[in-house]
Every structure is written in C-alpha cells, then in structure tokens.
Amino acid sequence: MAVRSARLVENTVARGFASPTTELFVPKESNNFPLPVNLELLERGEERYKIFCTPCHGLQGDGNGMVAMRGMKRPPSFHQDRLRQVPNGYIYERQ
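What comes next concerns the included structure.

### Here's the deal with the overall build of the chain
Secondary structure summary: the chain contains four helices and zero strands in total. Scored against the burial criterion, the 95 residues of the chain give a buried share of 16%. A separation threshold of at least 6 residues defines the contact pool for the chain, and within that pool the share at least 24 residues apart is 29%. When the accessible surface of the chain is summed, it comes to about 8,100 Å², and 56% of that surface belongs to carbon and sulfur atoms.

Okay, structure coming up:
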C-alpha cells in the first residue's frame, strides 16, 4: 500500500531534493538568485515567511516567535552579523 504523504503534486520538487540541473537550484555558497526580484516575489516571500518562519523566528526575525515564548529553544536572530553576511544560497537553500 502506498503512503499518501509520499505523493507529490505534479510539477513540484520534494523539499530537500532540488537537483543541481534545475533552473531554480542555488548552491549554498552562491550569492546568485534564480528569480527576478520584484514586488510580486517580495509579497510572496512575506506571505511564506509569515506562514513558515514566524512560529520560530517571529515577525521581526529576532527569534522571539511563539516557539520560544512557549519555552523551546530560541532560534538564531536574522539580525546577527553572522546571518547578515551569509550568501543568498544559504537562506534560499533552506526554503
């Protein structure tokens, strides 16, 4: 019997399985970005951040999300110099 959660929606790539041959692949150490940055992309990014990142990192990206407020380990703040200086691929590769 097949597991339903293992099914992929057509034209999608399983998280963590982006192939280096796909046009959206960005190596972790790269500063390139595969899409044009425009208002539509920024709005989508904001929407996705609010859904997937704020529970841990908080709306301000400071690590004060609901997870930390409920006693779990705080994630790193995106405002620290270490994370401000990482290449684009470091952040993009994790999304």
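From this point on, the discussion continues.
### Things to note about a nonpolar patch on the surface
Together, L24, F33, L35, V37 and L42 make up a nonpolar patch on the protein surface, roughly 430 Å² of accessible area in all. Locating L35 in the fold gives a position in the segment before α1 (39–57). Residue classification places L35 among the partly exposed positions, given a relative accessible area of 33%.

What counts and what doesn't
- Residues numbered from 1 in each chain as written.
- Predicted model: local features only at pLDDT ≥ 70, side-chain atom pairs only at ≥ 80, totals over all residues.
- Heavy atoms only, no water.
- Helix = DSSP H or I, 4+ residues; strand = E, 2+ residues; numbered from the N terminus.
- Buried < 20%, exposed > 50% of the residue type's maximum accessible area, 1.4 Å probe, protein only.
- Contact = heavy atoms within 4.5 Å.
- Areas by Shrake-Rupley, 256 points an atom, 1.4 Å probe, with all protein chains shown as cover.
- Patch = residues over 30% accessible without salt bridge, like charges linked within 9 Å, V, L, I, M, F, W, Y side chains within 5 Å.
- Salt bridge = Lys/Arg side-chain N within 4 Å of Asp/Glu carboxyl O.

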